[in-house]
Amino acid sequence: DVKVTQSSRYLVKRTGEKVFLECVQDMDHENMFWYRQDPGLGLRLIYFSYDVKMKEKGDIPEGYSVSREKKERFSLILESASTNQTSMYLCASRIDRGRDEQFFGPGTRLTVL
Amino acid sequence: QQQVKQSPQSLIVQKGGISIINCAYENTAFDYFPWYQQFPGKGPALLIAIRPDVSEKKEGRFTISFNKSAKQFSLHIMDSQPGDSATYFCAASRRSGNTPLVFGKGTRLSVIA
């Protein structure tokens, strides 16, 4: 079974802190994604990576950056956390094509105080 | 970013009834249309998907109907059960290439006894 794991289920941080969210997949997938999920807004794509060291902006990249130094790991970084970044963050991976099933992690509920 | 418009935002159905969720897309280059199901506390998971060369795909109680000319597709859940209560997301993408899925905003389905 494909497994996508996220480093934390719940995280509480203070405004201005630098926050790292880690995602690891164990199936040698080329593509990885970071979304945030908010009520009424659905899944919004923050960044995605189609290969190691490659990254592309999604719909809402402002205030975020990413890192993919190894194929299995995709990190989301909040450079200076703000209260409007309180959200559920979901990581996903897929083999390498639009037709490929996308596997999601369980999510990280981030609260910024 | 090309949109996928999903309706309704929420849906309440009696046990045994039919649940219907509709989606419309804009980009005629899309040729892969999956539905994802998300239970509380979990990441979304692929439920069923369709290609535009067929008008309908059925898997158990779940059916996708596809209307290429209208650029619309819908999910029908027959004999809806309380265990089907979840959030459903439609999505669209190109089968080839590694562009990300475009998700609808989701429908929260509640099946009541």
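Conventions adopted
Residues numbered from 1 in each chain as written. Chains lettered and ligands numbered in written order. Predicted model: local features only at pLDDT ≥ 70, side-chain atom pairs only at ≥ 80, totals over all residues. Heavy atoms only, no water. Buried < 20%, exposed > 50% of the residue type's maximum accessible area, 1.4 Å probe, protein only. Helix = DSSP H or I, 4+ residues; strand = E, 2+ residues; numbered from the N terminus. Pairing = 2+ DSSP bridges. Core = buried A, V, L, I, M, F, W, Y, C linked by side-chain atoms within 4.5 Å. Contact = heavy atoms within 4.5 Å. Axes fitted to C-alpha atoms, helices over the stretch in contact; angles between N-to-C directions. Phe/Tyr/Trp six-rings, centres within 6.5 Å; stacked < 30°, edge-to-face > 60°.

Q: Tell me about the pairing of strand E4 (residues 33-38) of chain B, and please be specific about residues and values.
A: Residue and element names in this part refer to chain B. The element E4 is largely enclosed, with a buried count of six among its six residues. Here E4 shows two buried faces, one formed by Phe33, Trp35 and Gln37 and the other by Pro34, Tyr36 and Gln38. Here five bridges tie E4 to strand E5 (residues 45-50), and the two strands are oriented antiparallel to one another. Within E5, the residue paired with Phe33 across the bridge is Ile50.

Q: Run through the nonpolar core, naming residues and quoting values.
A: Grouped together as the largest cluster of nonpolar side chains are 25 residues, with contacts concentrated most on Val4(B), Phe33(B), Trp35(B), Phe73(B), Leu75(B) and Tyr88(B). Elements with a minimum of two residues in this core: strand E2 (10-14), strand E3 (19-25), E4, E5, strand E7 (62-67), strand E8 (72-77), strand E9 (86-92) and strand E11 (107-112) of chain B. By residue number, the principal contributor to this core is E9(B), which donates four residues. In contact with Phe33(B), not counting residues within four places along its chain, are Tyr25(B), Ile48(B), Ala49(B), Ile50(B), Pro52(B), Ile64(B), Phe66(B), Phe73(B), Ala91(B) and Ala92(B). One finds Val19(A), Cys23(A), Tyr64(A) and Cys91(A) within the second-largest nonpolar core, a separate group that totals 20 residues.

Q: How would you explain the sheet that holds strand E7 (residues 64-70) of chain A if you had to name every residue and give the values?
A: All names here are of chain A. Strand order in the open sheet formed by four strands is E1-E3-E8-E7, with antiparallel pairing between adjacent strands. Bordering the open sheet on either side are strand E1 (4-6) and E7, each of which pairs with just one other strand. Between one strand and the next, the sheet's axes are offset by a mean angle of 20°, whatever the strand orientation. In the sheet, E1 pairs with strand E3 (residues 19-25) via three bridges, with the strands oriented antiparallel. In the sheet register, Val4 faces E3, and the bridge partner there is Gln25.

Q: Which residues make up the side chain of Gln37(B), and what values do they have?
A: Residues and elements named next belong to chain B. Considering the arrangement of structural elements, one finds Gln37 in strand E4. In this structure Gln37 comes out as buried when scored by relative accessible area, which is 15%. When near neighbours in sequence (up to four residues on either side) are disregarded, Gln37 contacts Gly43, Pro44, Ala45, Leu47, Phe62, Ala86, Thr87 and Tyr88.

Q: Kindly report on the sheet that holds E7(B), identifying the contributing residues and their values.
A: Paired through their backbone hydrogen bonds, the strands of a sheet run either parallel or antiparallel. Residue and element names in this part refer to chain B. Spatially, five strands are ordered E1-E3-E8-E7-E6 in an open sheet, and the strand pairing comes out antiparallel. Two strands close off the open sheet at either side, each with one partner strand: strand E1 (4-7) and strand E6 (56-59). On average, each strand axis in the sheet is tilted by 15° relative to the strand beside it, whichever way the strands run. The pairing of E3 with E8 spans six bridges and is antiparallel. Paired with Ala24 across the bridge in E8 is Gln72.

Q: I'd like to hear about the packing of aromatic side chains, residue by residue, with values.
A: Each aromatic ring pair is specified by the distance between its two centres and by the angle formed by the two planes. This structure, assessed with the given rule, holds 16 aromatic pairs over all chains. With centroids separated by 4.8 Å and ring planes inclined at 40°, the aromatic side chains of Phe33(B) and Phe66(B) adopt a geometry described as tilted. Of the two residues, Phe33(B) sits in strand E4 while Phe66(B) sits in strand E7, which places them 33 residues apart along the sequence. Here Phe33(B) and Phe66(B) have matching classes, each one buried. Look at Trp35(B) and Phe73(B): their rings are 5.8 Å apart centre to centre, the planes differ by 70°, and that puts the pair in the edge-to-face class. Here the residue Trp35(B) occupies a position in strand E4, and Phe73(B) occupies one in strand E8, the gap between them amounting to 38 residues. Each member of the pair, Trp35(B) together with Phe73(B), is buried. Joined through ring pairs, the aromatic side chains of Phe33(A), Tyr35(A), Phe48(A), Phe104(A), Tyr36(B), Phe89(B) and Phe103(B) make up one cluster.

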